[in-house]
Amino acid sequence: MKIVVCVKQVPDTEARIKIAGDKKSIDPTDINWILNPYDEFAVEEALQIKEKSGDAQIIVVSVGPERVVSALRSALAMGADDAVLVKTDDVYLDSITTAKALAEALKDMEYDLLLFGKQGVDDDSLAVGPMVAELLGVGCVTRVTDLTVADGAIEAKREIEGGAEVVTAKLPAAITAEKGLNEPRYPALRGIMMAKRKPIPEKQVALAAPKLKIRALEYPPSRQAGKIVGEGVDAVPELVKLLREEAKAI
Amino acid sequence: MSKPVFVIAEQRDGAFRKPTYEVVSEGRRLADKLGAQLIAILLGDSVESIAAELGHYGADKVVVAQSGLFNNYSAEGYTQVISKAVQDAGAGIVLLTASALGKDLGPRLAAKLDTGLANDCIGLSLDGEKLICRRPMFAGKVIADVEFEDGIQIASLRPNIFAPTAPDTSKTAAIENVAVAIEATDVKALVKEVVASAGAKMDLTEADIIVSGGRGMKGPENYAIIEELATVLSGVVGASRAAVDAGWRPHADQVGQTGKTVSPKLYIACGISGAIQHLAGMSSSKCIVAINKDKEAPIFEKADYGIVGDLFDVVPALTAELKKNM
Ligand SMILES: Cc1cc2nc3c(=O)[nH]c(=O)nc-3n(C[C@H](O)[C@H](O)[C@H](O)COP(=O)(O)OP(=O)(O)OC[C@H]3O[C@@H](n4cnc5c(N)ncnc54)[C@H](O)[C@@H]3O)c2cc1C
Ligand SMILES: Nc1ncnc2c1ncn2[C@@H]1O[C@H](COP(=O)(O)O)[C@@H](O)[C@H]1O
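What counts, and at which threshold
- Residues numbered from 1 in each chain as written.
- Chains lettered and ligands numbered in written order.
- Predicted model: local features only at pLDDT ≥ 70, side-chain atom pairs only at ≥ 80, totals over all residues.
- Heavy atoms only, no water.
- Near = heavy atom within 4 Å.
- Polar contact = N/O pair within 3.5 Å; in protein donor to acceptor, adjacent residues only side chain to side chain.
- Areas by Shrake-Rupley, 256 points an atom, 1.4 Å probe, with all protein chains shown as cover.
- Helix = DSSP H or I, 4+ residues; strand = E, 2+ residues; numbered from the N terminus.
- Patch = residues over 30% accessible without salt bridge, like charges linked within 9 Å, V, L, I, M, F, W, Y side chains within 5 Å.
- Salt bridge = Lys/Arg side-chain N within 4 Å of Asp/Glu carboxyl O.
- Nonpolar A, V, L, I, M, F, W, Y, C, P; charged D, E, K, R; others polar.
- Pairing = 2+ DSSP bridges.
- Axes fitted to C-alpha atoms, helices over the stretch in contact; angles between N-to-C directions.
- Contact = heavy atoms within 4.5 Å.
- Buried area = accessible area lost by both parts, 1.4 Å probe.
- Disulfide = S-S within 2.5 Å.
- Buried < 20%, exposed > 50% of the residue type's maximum accessible area, 1.4 Å probe, protein only.
- Domains from an automatic or database assignment.
- Core = buried A, V, L, I, M, F, W, Y, C linked by side-chain atoms within 4.5 Å.
- 1 Å grid on protein atoms, 1.4 Å probe; cavity = no way out; pocket = protein on both sides within 12 Å on 5 of 7 lines; lining within 4 Å.
- Points joined across faces, edges and corners; volume = space filled by probe spheres on them.

With that settled, the discussion passes to the site of ligand 2. Residue and element names in this part refer to chain A. Contacts to ligand 2 come from 19 residues, most closely from C6, K8, D39, V63 and G120. Between ligand 2 and V63 there is a distance of 2.8 Å, counted from a nitrogen atom to a backbone nitrogen or oxygen. One of the backbone nitrogen or oxygen atoms of S125 is found 3.3 Å away from an oxygen atom of ligand 2. If ligand 2 stood free it would expose 480 Å²; the protein chains cover 98% of that surface. Of all the secondary structure elements, the ones that give two or more residues to the shell around ligand 2 are β4 (57-64), α3 (95-107) and β6 (113-117). Among the elements that take part in the shell around ligand 2, β4 stands out by supplying three residues, more than any other.

Here it is, written out as structure tokens:
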């Protein structure tokens, strides 16, 4: 079985995000780049499927500039077999442009299962997985918290408001990984050493024209400094009064 | 006249979800500014009887697409039917909810229509016919205004942000049934079963009041006091990742960057320190209350009101106080 995991490199979730001088992009200095946390779930799931099925190949693919190689190496260190860099200039790509680049790169690759993260924790688009699935004409289950692969099909569970859906699809199929799907492993030293040495082939694809553009970025309005109503149970009546009369929240 | 505004009405088991009213109302506001028609589409199996209600919220026309295949949601099926209806109508703007369904459908629809998608918007405005979508990025550390280069403009709206208008039963919509031409082979991913979660409570993303407990709760058994407070307030219970990772609460309850993004009227954080990843999920709440024994906890910087104290005293006292004058 061939499993392709699409991974994105994103700023560390602790990172302070600074808006660049053009007010339309992020200042990349001081950013510590990591493998998107949701993509760790996707890589882990691929590894678990491989461990169960015995013979599977896991290929991780990322679209981006040279620096995203380190995200690919993180996935290799976890245990992925191969990596492909779909190299672009260091520019902001909207989700449909990214999806088209991935679909283009995947066209001449074999895959039974396509794994994505639910969302990139940078632009929080939540879009690329199902977009690629639509472009390639495969079924896709998003925000999966439980997955089984058997008899040439998947059965996936996804949370919806007040419950869950159980969705089935024949392979090839795509899923996007939600937290809860698994616990990503920490790479072992051996894995890290192997990942360092692994050659990562580059693939060139023509980028389509973007559809969405950032007009302006700004910082969220800072919330007014809060009020400490008081200490302990004595403050409770006052809090209730404020919630009723000032905030009108209850 | 401007191109029509198109909205996707979300129903489950023959009833609209609350965010549907928000999306239709916002669609009406945009259509009024543009002098455009507002068309809603409703998909399902025998749902025609609820279509008229969308007129009360301002839809001029409701396209109803019924099929036994739509007994459950289907990404591929919905995409086919909606993309065709959007093109037939010549719509310039398509709005849907940023719900489990909307977040699944929006990207597929955008890819099918060869356009972009602004997911999880918290504000919409117009520059001529151009839709400007305000949406948080980087877990809310930055707010972006995004616009479309060309093509149909698709935006999903974060629940609980856009105000629904009061329904006006004197307003009616034209109902138009359309045939659904879908073969079973068009749908590869099929919903086999829908399981309701225990209690089938309201979803966090749609709740007006949320009471969340973090690591300060010390164990799963102590959530009873959080549940009681939530019950008195007709709210629902949330949790920090620390509580979820400890196995005290289900994943569905997690608020934050790798959990749910919520915007209730009132968010009460109990025994939660206010880590940046938690704040990412709840800082668009209208009113935030923090109960924490550490007066230096970062949550107090984001909270409108704080009580420094032991939650095991304060939370039950708060429940009792609220019960008093009800
Ligand atoms: C990639 C990534 C994603 C993440 N995503 C999320 C996310 O989605 N959601 C999330 O919540 N976190 C997330 N986190 C984790 C986050 O960084 C914090 O670790 C987490 O939010 C801490 O949870 P907490 O506030 O419950 O626990 P703590 O930080 O341990 O805080 C517990 C608080 O309880 C108080 N307390 C203790 N006892 C009492 C008492 N008796 N009475 C009153 N107060 C008391 C303490 O003073 C303290 O402030 C993420 C982290 C990473 C790296
Ligand atoms: N540049 C990229 N390269 C490879 N995969 C990507 C890229 N961008 C997004 N993805 C995948 O799509 C998921 C959702 O990302 P997004 O739509 O940006 O929120 C990610 O978790 C990845 O699995």
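Together, A:L189, A:I192 and A:M193 line one region of the surface with nonpolar side chains, adding up to about 270 Å² of accessible area. Note on placement: A:L189 falls in helix α5 (residues 189-197).

Below, the discussion takes up the site of ligand 1. Neighbouring ligand 1 are 28 residues; B:R215, B:S240, B:T258, B:S273 and B:Q277 lie closest to it. Each of chains A and B places residues near ligand 1. At 3.0 Å from an oxygen atom of ligand 1 is found a main-chain nitrogen or oxygen belonging to B:Q257. Between B:T258 and ligand 1, the recorded distance is 2.6 Å, taken from a side-chain N or O atom to a nitrogen atom. Burial of ligand 1 by the protein amounts to 81% of the accessible area it has alone, namely 990 Å². Looking at the shell around ligand 1, the elements that each hand over two or more residues are α6 (241-245), α7 (276-282) and α9 (311-324) of chain B. Here the residues of the shell around ligand 1 sort into seven nonpolar, 15 polar and six charged.

The next thing to look at is the sheet that holds strand β18 (residues 305-308) of chain B. Ordered by their spatial adjacency, six strands build an open sheet running β13(A)-β18(B)-β17(B)-β16(B)-β14(B)-β15(B), and the pairing between neighbours is parallel. The outermost strands of the open sheet, each flanked by one partner alone, are β13 (227-231) of chain A together with β15 (236-239) of chain B. When strand polarity is set aside, the average angle formed by the axes of neighbouring strands in this sheet is 20 degrees. Packed on one face of the sheet, helix α6 (residues 236-246) of chain A meets β13 of chain A together with β16 (266-270), β17 (287-292) and β18 of chain B and runs near 175 degrees to β18(B).

Moving on, we come to the interface of chain A and chain B. Buried accessible area, meaning the area lost when the parts come together, often serves as the stated size of an interface. The interface of chain A with chain B comprises 79 residues on the first partner and 92 residues on the second. Around 7,400 Å² of area is buried between chain A and chain B when both sides are counted, 55% of it from carbon and sulfur atoms. On the chain A side of the interface with chain B, the three residues burying the most area are A:E161, A:K179 and A:R223, jointly 12% of the side's total. Our count for the contact surface shared by chain A and chain B stands at 11 salt bridges. Two residues, A:K213 and B:E147, come together in a salt bridge whose shortest N-O distance is 3.4 Å. Residues that form the side of chain A that touches chain B fall into these classes: 41 nonpolar, 12 polar and 26 charged. With four bridges joining them, β13(A) and β18(B) adopt parallel strand pairing. By the bridge assignment for β18(B), A:K227 is matched with B:Y305.

What follows concerns the state of the cysteines. Residues and elements named next belong to chain B. Applying the stated rule across the entire model yields zero disulfides over all chains. The thiol of C121 is unpaired, and the distance to the nearest cysteine sulfur, on C133, comes to 4.4 Å. We classify C133 as buried; its relative accessible area is 0%.

A word on the domain arrangement of chain A. According to the domain assignment, chain A contains domain 1 (2-203) and domain 2 (220-250). Here the C-alpha centroids of domain 1 of chain A and domain 2 of chain A sit 42 Å apart.

The next thing to look at is the nonpolar core. Within the largest apolar cluster, 56 residues are counted, with the highest numbers of intra-cluster contacts made by A:V4, B:F6, B:I41, B:I82 and B:I154. For B:I41, the residues in contact, after removing those within four places along its chain, are B:F6, B:V7, B:I8, B:A9, B:V63, B:V81, B:I82 and B:A85. In terms of nonpolar packing, the next biggest core, distinct from the first, is built from 47 residues, B:A31, B:C121, B:M137 and B:A173 among them.

A few words now on helix α2 (residues 69-78) of chain A. All names here are of chain A. A large share of α2 lies buried, amounting to seven of its 10 residues. Here α2 has its buried residues at V69, A71, L72, A75, L76, A77 and M78. On its buried face, α2 sits against β2 (9-11), β3 (33-35), α1 (37-53), β4, β5 (82-87) and α5.

Spatially, the 10 strands line up as an open sheet ordered β11(A)-β5(A)-β4(A)-β1(A)-β6(A)-β10(A)-β7(A)-β8(A)-β9(A)-β13(B), and their pairing is mixed. The sheet is open, and its two borders are formed by β11 (202-203) of chain A together with β13 (189-196) of chain B, each paired with just one other strand. Strand direction decides the pairing type here: strand β1 (residues 2-6) of chain A and β6(A), joined by three bridges, are parallel. Counted as the bridge partner of A:I3 is A:L113 from β6(A). Contacts between α1(A) and the sheet are confined to β1, β4, β6, β7 (139-150) and β10 (173-177) of chain A, with β6(A) contributing the most and set at about 150 degrees to the helix.

Before going further, it helps to spend a moment on empty space enclosed by the protein. Enumeration according to the criterion identifies six cavities of 30 Å³ or more in this entry. The computed volume of the largest cavity comes to approximately 110 Å³. Along the lines of polarity and charge, the residues of the lining of the largest cavity split into one nonpolar, four polar and six charged. Empty space within the second largest cavity amounts to approximately 80 Å³. A:C140, A:V141, A:R158, A:E165, A:V167, B:Y73, B:S74, B:A75, B:D104, B:A189 and B:V191 together form the lining of the second largest cavity. At the level of elements, β7 and β9 (163-170) of chain A together with β13 of chain B are the ones that each hand at least two residues to the lining of the second largest cavity.

The next point concerns the pattern of salt bridges. By the definition in use, this model includes 44 salt bridges over all chains. For A:K87, the salt bridge goes to A:E66, with nearest N and O atoms at 3.1 Å. With A:K87 in strand β5 and A:E66 in the loop between β4 and α2, this residue pair connects regions lying 21 residues apart in the sequence. Since its relative accessible area comes to 27%, A:K87 is described here as partly exposed. Where B:R28 meets B:D60, a salt bridge forms, and the shortest distance between an N and an O atom there is 3.0 Å. Placement of the pair is B:R28 in helix α1 (residues 18-34) and B:D60 in the loop between α2 (48-56) and β5 (61-66), with a sequence separation of 32 residues.

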